[in-house]
Amino acid sequence: YNSTNKGITFTPNSSLNKETVYNIIITTGLTSSDNMKLASNYEGVFISGSDSLSEIGYTGTYSDSGIDGNSNGKFDFLGITIEVNAKTTGSYAINGKLTDSLGNELTWASQNIYFNLGNNKVELRFDGKIINAYRMNGPYKLEDLQVYNTSNTDINDYLSHAYTTTTKYLYT
């Protein structure tokens, strides 16, 4: 368990098939190190990568911030910065979905960017007006995060549950 990004890591008993959808169920039998149980079962889906997955990948480093572009004291955007490691330079597209703490979809953001070799940071900006319209306070979750090379879409990576914001942003 990673308390920073609230993620868990599991190691399968055998190799996964490439580009395959897998269902995962975590039951209330799972307990934390201080013997706390899950309130309810969790069901999710993930997709295994292609053989080229090592050419691009998320480093696990994220940050978030409210952006007040017009200095009126209200956030115009929620920015989430994602660090990506590229072993192939080129033009990439990255997109992700913002959900509320209940998993309801709020909005999407995307960015086209050129990545150099090594670690690169990219910020996705989620529209504050749309977040406000849903009237749900944070924390918010970055889900269905996908990055791919625009010249060779076989170079890609995907995370179903990437990040939870560190601040409990108010929608107003």
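Okay, so let's go over this structure. (Residues numbered from 1 in each chain as written. Predicted model: local features only at pLDDT ≥ 70, side-chain atom pairs only at ≥ 80, totals over all residues. Heavy atoms only, no water.)

## Re the overall build of the protein chain
Test applied: Here a helix means four or more residues in a row that DSSP labels H or I, a strand means two or more in a row labelled E, and each is numbered from the N terminus. Residue contacts are defined here by distance: any two heavy atoms, one from each residue, within 4.5 Å place the two residues in contact.
The helix and strand inventory of the protein chain stands at one helix and nine strands. In the protein chain, the succession of helices and strands from N to C terminus is β-β-β-β-β-β-β-α-β-β. Considering only contacts within the protein chain whose residues lie at least 6 apart along the sequence, 62% involve residues at least 24 apart.

## So, the environment of Val84
By secondary structure assignment, the location of Val84 is in strand 4 (residues 77-86). The sequence separation of Val84 and Gly57 amounts to 27 residues, and the corresponding C-alpha distance is 5.7 Å. If near-sequence neighbours (up to four positions away) are discounted, Val84 is found in contact with Ile56, Gly57, Tyr58, Thr59, Ile94, Phe115, Gly118, Asn119 and Asn120.

## Observations regarding the sheet that holds strand 4
Selection criterion: Strand pairing is defined by DSSP finding a minimum of two bridges between the two strands. With axes taken as lines fitted to C-alpha atoms, and helix axes fitted only over the stretch in contact, angles between N-to-C directions fall between 0 and 180 degrees.
Taken together, three strands build an open sheet; the order of strands is 3-4-7 and the sheet is antiparallel. Strand pairing shows two members of the sheet lacking a second neighbour, strand 3 (56-67) and strand 7 (118-127), which therefore form its edges. With direction set aside, neighbouring strand axes in the sheet form an average angle of 20°. In this sheet, strand 4 lies alongside strand 3 in antiparallel orientation, the contact comprising nine bridges. Among the inter-strand pairings, Ser65 is bridged to a residue of strand 4, identified as Gly79.

## Concerning the sheet that holds strand 9 (residues 156-164)
Taken in spatial order, the four strands make up an open sheet running 6-5-8-9, and their pairing is antiparallel. On the outer flanks of this sheet lie strand 6 (105-115) and strand 9, each paired with one strand and no other. With strand direction ignored, the average angle separating the axes of adjacent strands in the sheet is 15°. In this sheet, strand 9 lies alongside strand 8 (residues 141-149) in antiparallel orientation, the contact comprising seven bridges. When the bridges of strand 9 are listed, Gln146 appears paired with Tyr158.

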